[in-house]
Structure formats: C-alpha cells, structure tokens
Amino acid sequence: EKAVEINFWKEAPRIFIYPLRGNVLSATIGGTVFFTAMNIAMYAPFYGIIACIMFVCYTIASMVKIIETAVTTDREDLYDWPDFLDWFDWVGKAILFILAWGISYAPMIAYVVLLKRVDGWLFVLIGLGIFIAPMYTLSISLVGGFGSLNIINIFKSIAHTFFPYCATVIFWFFTQYLNFLA
C-alpha cells in the first residue's frame with residue numbers, strides 16, 4: 001500500500017478556513033462562551049481552583065480533539081466536543097502534556113539548577129524545548145498513552161518532516177511573539 005503525499009504549502013490555507021466550516025463554527029462560538037465562563041469562574045475563591053484545573057484539562061482535551069479530527073477524518077467539519085463526563089481521558093491527556101513539556105524543557109531546567117548560570121547555552125536549550133514541544137503535542141494527540149513520550153520517536157518524526165515542521169514551529173513562535181507584544 002502506497003502512502004499518499006500531501007503538499008504542506010497547498011494544504012496550509014485550509015487552516016484559516018477550518019473554523020468557519022460546518023459544526024466547527026458552532027463549536028467555535030460555543031467554545032468562546034464556555035471558555036469565557038470558565039475563565040470568569042476561576043476568580044471565585046476555592047471553586048476557582050477547581051474551575052482552573054478543569055479549564056486547563058478540558059482546554060487540552062479540546063485541542064487534542066481538534067487535532068484528532070483534522071488528521072483522522074475526511075470531513076473536517078465533524079468536530080465534536082470532548083465528552084465532559086469522560087474526565088479520566090482529558091485529565092490523563094493533561095498529565096501527558098505536562099510530562100511532555102517537562103521533558104522538552106528538562107535540559108534547560110537541569111542547566112539552570114545544576115550550573116546556576118544564565119548565558120547563551122541557556123537560550124539554546126530554551127530553543128530546543130520550543131522546537132521539540134509541538135511534536136510532543138501531535139504525538140499525544142495521535143498516539144496517546146505513555147508511548148507518545150518516547151523521545152526517540154519524537155526525533156524520528158521531526159527528521160521525517162523536517163522542513164514543514166520547521167516552518168510550523170517558526171509560524172507558531174512568531175504568533176506567540178506577536179501575542180506577547182500585544
């Protein structure tokens with residue numbers, strides 16, 4: 001069976017159309033209302049902590065569901081919200097994300113803790129974390145479980161899709177930088 005090659009640059013404009021298609025539009029509007037309410041609820045004493053934990057976990061589950069929908073279905077307008085009662089799944093994915101991002105930035109943390117220096121190497125290690133972390137996000141979305149934390153598979157995946165992956169990471173970094181300036 002031969003794999004179908006997809007041209008990254010040809011498919012990239014669909015990213016901007018995706019939020020306006022079919023069920024995704026209602027999910028975007030509903031998500032805006034839901035996540036705004038959760039954000040406001042986080043400021044309530046005690047309940048705010050619970051709401052904050054639920055908000056972070058459910059946000060991660062929603063992000064994973066979007067990636068799963070975009071990658072695994074032929075029709076991208078079939079987005080469905082993660083089941084709110086399936087808390088074990090979305091809390092589990094949140095834990096995987098924390099572990100994955102911890103692994104991504106572990107060299108930087110070890111450098112600061114052990115050597116207690118801030119120099120050029122620290123920024124190189126931060127850049128390494130920024131470079132690796134998005135592939136972990138895809139790995140958790142597509143593979144799930146502790147197998148998605150395998151660093152060897154992460155580097156193999158990056159090597160197989162090096163140029164599109166680099167373009168995506170640069171775009172992501174640029175949007176985060178613009179968000180920081182705002």
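Not measured: the values here are computed from a predicted model. (Residues numbered from 1 in each chain as written. Predicted model: local features only at pLDDT ≥ 70, side-chain atom pairs only at ≥ 80, totals over all residues. Heavy atoms only, no water.)

Asker: Describe the pattern of salt bridges, with residues and values.
Answerer: Applying the stated criterion across every chain, the model contains one salt bridge. Salt-bridge contacts for arginine 117 lead to aspartate 119; the nearest nitrogen and oxygen are separated by 3.4 Å. For aspartate 119, a relative accessible area of 24% gives the class partly exposed. (Salt bridge = Lys/Arg side-chain N within 4 Å of Asp/Glu carboxyl O. Buried < 20%, exposed > 50% of the residue type's maximum accessible area, 1.4 Å probe, protein only.)

Asker: An account of helix α6 (residues 120-142) is needed here, citing residue identities and associated values.
Answerer: For α6, with 23 residues, the first-to-last C-alpha span of 34 Å sits near the 33 Å given by 1.5 Å per residue. Taking the backbone nitrogen of tryptophan 121 as reference, a side-chain oxygen 3.2 Å away marks aspartate 119 as the first, capping residue of α6. Count one or two residues on from α6 and you reach glycine 144, which has phi positive near 70°. (Helix = DSSP H or I, 4+ residues; strand = E, 2+ residues; numbered from the N terminus. Expected span 1.5 Å × (residues − 1). Polar contact = N/O pair within 3.5 Å; in protein donor to acceptor, adjacent residues only side chain to side chain.)

Asker: If you had to explain the environment of leucine 96 to someone new, which residues and values would you point to?
Answerer: For leucine 96, the position within the fold is in helix α5 (residues 87-115). Separated by 48 residues in sequence, leucine 96 and glycine 144 have C-alpha atoms that sit 8.2 Å apart. Sequence-distant contacts of leucine 96, defined by excluding residues within four places in its chain, comprise Ile140, Gly144, Gly145, Phe146, Ser148 and Leu149. (Contact = heavy atoms within 4.5 Å.)

Asker: I'd like a description of unusual backbone geometry, backed by residues and values.
Answerer: Of note, lysine 116 is a non-glycine position whose phi angle comes to about 50°, a positive value. Within the secondary structure layout, lysine 116 lies in the loop between α5 and α6.

Asker: Summarise a nonpolar patch on the surface; cite the residues concerned and give the values.
Answerer: A contiguous nonpolar patch, built from Phe173, Phe174, Tyr177, Leu178, Phe180 and Leu181 and spanning about 690 Å² of accessible area, is present on the exposed surface. By the element assignment, leucine 181 lies in helix α8 (residues 162-181). By relative accessible area, leucine 181 is classed as exposed at 53%. (Patch = residues over 30% accessible without salt bridge, like charges linked within 9 Å, V, L, I, M, F, W, Y side chains within 5 Å. Areas by Shrake-Rupley, 256 points an atom, 1.4 Å probe, with all protein chains shown as cover.)

Asker: I'd love a proper account of the environment of isoleucine 154, names of residues and values included.
Answerer: Along the chain, the position of isoleucine 154 falls in helix α7 (residues 151-160). Distance from isoleucine 154 to leucine 138, taken between C-alpha atoms, is 9.5 Å for residues 16 residues apart in sequence.

Asker: If you had to explain the nonpolar core to someone new, which residues and values would you point to?
Answerer: Judged by nonpolar contacts, the single largest core of 23 residues is most densely connected at Tyr136 and Ile154. When residues of this core are traced back to their parent elements, those giving at least two are α4 (47-72), α5, α6, α7 and α8. Counting residues per element, this core draws most heavily on α6, at eight residues. (Core = buried A, V, L, I, M, F, W, Y, C linked by side-chain atoms within 4.5 Å.)

Don't take any of this as a statement about function, it's just geometry.
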